[in-house]
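What follows is each chain in one-letter form.
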Amino acid sequence: MLMEGLAKFPPRPTGAGDMFQLFRDGAPRTRASLVTETGQSRSTVAARIDALRSIGLLAPAGEATSTGGRPPSTFAFDPASHLAMGVDLGATHARIAVTDLAAEPITMIDEPLAIADGPDRVLTWVAETGRKLVAQTGREMEDLVGIGIGLPGPVDHRTGRPVNPPIMPGWGDSDVPAELFARLGAPVMVDNDVNIMALGEHRTTAPDVDDLLFVKVATGIGAGVIMDGHLRRGAQGAAGDLGHIAVPGPADIPCRCGNTGCLEAVAGGGAIAARLRQQGIAVETTQDIVDLVRSGDVAAGQAVRQAGRDIGSVLAASVSLLNPARIVVGGILAGAGEHLMAGIREVVYQRSLPLATRDLRITPSEAGAPAGVVGAATLVTEQYLAPSSVETLITAKEVM
Ligand SMILES: [Zn+2]
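Residues numbered from 1 in each chain as written. Predicted model: local features only at pLDDT ≥ 70, side-chain atom pairs only at ≥ 80, totals over all residues. Heavy atoms only, no water.

With an unreviewed UniProt entry as reference, the chain is termed ROK family protein, source organism Myceligenerans crystallogenes. Under the Sequence similarities (unreviewed entry) heading, UniProt states for the chain: "Belongs to the ROK (NagC/XylR) family." (UniProt positions renumbered as here; feature names shortened; annotations may be inferred.)

Here it is as structure tokens:
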């Protein structure tokens with residue numbers, strides 16, 4: 001039951017860090033409007049604006065229209081005051097962006113890079129390239145408040161270390177946060193590639209959708225779970241690992257994880273390619289499958305549609321469990337277009353309860369390639385701009 005009375009009394013911000021959250025919508029505000037919005041005295045509001053200006057997060061934003069007398073000054077969030085860095089490492093490519101505090105890229109680079117070269121070579125390249133990008137923006141390294149990095153494998157969220165990453169030889173348990181901090185001198189946050197893609201997609205194309213599942217369909221299959229507007233990682237950071245849920249049905253196909261019948265072993269790019277080869281069709285990579293489907297190959301189209309149905313059967317269970325408002329499908333195989341989406345939609349709508357699918361939309365990713373770096377930078381900005389972090393910055397400034 002909706003409790004009508006509560007909506008009229010939302011929790012009011014108390015500290016400067018809380019008050020700053022109001023500004024994150026980008027709209028300028030006057031002292032008087034903040035007095036109304038926060039219920040705090042004019043002197044308290046004025047002191048908090050001064051404190052937020054002292055750490056660079058607020059800046060004057062011109063004058064409001066006056067109702068008579070001197071027009072009041074307005075203030076707004078100044079995302080240009082500092083920089084964040086987002087790094088997206090794949091199996092064979094790397095992308096780095098330097099962004100502002102709204103995770104908007106200012107400059108970006110995309111280069112081939114083999115993750116199998118190991119942490120030392122890869123992180124040294126990240127640090128050198130990252131420094132060049134910061135220099136390109138005309139800013140100093142001191143302006144960089146943190147680095148977010150996505151890795152193509154499981155990451156222990158508590159330590160930021162990769163855990164048994166199958167396609168990252170030499171990276172197991174390596175201390176990525178410490179290694180990159182030593183090279184760049186700013187705090188480092190590590191997550192898996194699917195989580196940063198989910199964050200980037202959410203931020204770029206669906207900021208108003210609080211409950212969203214992002215599904216990456218490529219050689220592997222995984223998902224990022226956004227609930228109540230926040231990325232949910234579970235106890236160890238393993239939430240969303242759809243690829244190793246067993247597909248309903250008599251599937252005895254062995255998976256690289258040691259089980260049989262996993263979604264990835266049945267519907268991942270490798271599985272589809274193997275099935276097509278059995279039919280005498282020459283395919284090697286997941287991109288080959290996408291190219292075949294796009295060229296109108298009927299067998300490839302059917303194989304991708306069946307993969308969509310298998311993915312849909314696991315997603316139907318996720319829909320019952322989490323009731324997302326949106327499922328976004330990304331990854332290389334999403335480039336195969338409607339065949340994959342049609343297979344997924346067919347089974348999800350058939351197998352989920354009507355209430356859960358009444359307003360559910362299943363859409364292909366729209367954020368495209370930069371989603372990963374935007375999401376990685378978002379890891380940093382969300383932490384840096386959180387109320388407690390803003391309070392700490394103000395206290396540190398006052399002590400200086
Ligand atoms: Zn498996």
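**Let's talk about the coordination of the zinc ion**
Looking at the zinc ion, the protein donor atoms are His244 (ND1), Cys255 (SG), Cys257 (SG) and Cys262 (SG), and they sit 2.0 to 2.3 Å from it. In this structure, the zinc ion is surrounded by 4 donor atoms whose angles at the metal cover 104 to 122 degrees, and the resulting shape is tetrahedral. Note on His244: relative accessible area 24%, which makes it partly exposed. (Donors = N, O, S within 2.8 Å, 3.2 Å for Na, K, Ca; no water. Tetrahedral: all angles 85-135°; square planar, octahedral: opposite > 155°, others 65-115°. Buried < 20%, exposed > 50% of the residue type's maximum accessible area, 1.4 Å probe, protein only.)

**Brief notes about the sheet that holds strand S7 (residues 144-151)**
What the 5 strands build is an open sheet, ordered S6-S5-S4-S7-S10; its pairing is mixed. Strand pairing shows two members of the sheet lacking a second neighbour, strand S6 (105-112) and strand S10 (188-192), which therefore form its edges. Neighbouring strand axes in the sheet, compared pairwise and without regard to direction, differ in orientation by 15 degrees on average. Pairing of strand S4 (residues 83-89) with S7, which is carried by 5 bridges, proceeds in the parallel orientation. (Pairing = 2+ DSSP bridges. Helix = DSSP H or I, 4+ residues; strand = E, 2+ residues; numbered from the N terminus. Axes fitted to C-alpha atoms, helices over the stretch in contact; angles between N-to-C directions.)

**Remarks on the nonpolar core**
Formed by 42 residues in total, the largest nonpolar core has its most connected members in Leu276, Ile311, Leu315, Ile327 and Val329. Mapped onto this core, the elements with two or more residues apiece are strand S11 (212-217), strand S12 (221-227), helix H8 (263-267), helix H9 (269-278), helix H10 (286-294), helix H11 (298-322), strand S14 (326-330) and helix H12 (338-351). The residues touching Leu276, leaving out its near neighbours within four places in the chain, are Ile281, Val283, Ile289, Leu292, Ala299, Ala300 and Ala303. With 30 residues, the next largest nonpolar core counts Leu123, Trp125, Leu151 and Trp171 among its residues. (Core = buried A, V, L, I, M, F, W, Y, C linked by side-chain atoms within 4.5 Å. Contact = heavy atoms within 4.5 Å.)

**With respect to the environment of Ala316**
Residue position: Ala316 is located in helix H11. Taking the C-alpha atoms as reference points, Ala316 and Pro169, 147 residues apart in sequence, are found 34 Å from one another. Other than its neighbours up to four places away in sequence, Ala316 contacts Val347, Val348, Arg351 and Ser352.

**Overview of the packing of H9 against H11**
For the pair H9 and H11, the least separation of the axes is 10 Å and the interaxial angle reads 140 degrees. The handedness of the crossing between H9 and H11 comes out as right-handed. Contacts between H9 and H11 pair Ile272, Arg275 and Leu276 from the former with Ala299, Ala300, Ala303, Val304 and Ala307 from the latter. Partitioning the contact of H9 with H11 into residue classes produces 7 nonpolar, no polar and 1 charged. (Left-handed = near helix turned anticlockwise from the far one by under 90°. Nonpolar A, V, L, I, M, F, W, Y, C, P; charged D, E, K, R; others polar.)

**Regarding the pattern of salt bridges**
A pair can form between side chains of opposite charge whenever their charged atoms are brought close. This structure, assessed with the given rule, holds 17 salt bridges. When the shortest N-O distance is used, the salt bridge between Glu346 and Arg309 registers 2.9 Å. Taken together, the residues Glu346 in helix H12 and Arg309 in helix H11 connect sequence positions 37 residues apart. Close ionic contact of Arg345 with Glu338 constitutes a salt bridge, the shortest N to O distance being 3.3 Å. Accessibility expressed as a relative area gives 25% for Arg345, which makes it partly exposed. (Salt bridge = Lys/Arg side-chain N within 4 Å of Asp/Glu carboxyl O.)

**As for the sheet that holds S11**
Here we have 5 strands laid out as an open sheet, ordered S13-S12-S11-S14-S15, and mixed in their pairing. The sheet is open, and its two edges are formed by strand S13 (230-232) and strand S15 (361-364), each paired on a single side. Pairwise comparison of adjacent strand axes, ignoring direction, gives a mean angle of 25 degrees for this sheet. Relative to S14, S11 runs parallel, the two sharing 5 bridges. Note that in S14 the partner of Leu213 across the bridge is Ile327. Where helix H7 (residues 193-205) meets the sheet, it contacts S11, S12, S13 and S14, and its direction lies at approximately 45 degrees from that of S12. Across the sheet, H12 touches S11, S14 and S15, and the angle it forms with S15 is around 165 degrees.

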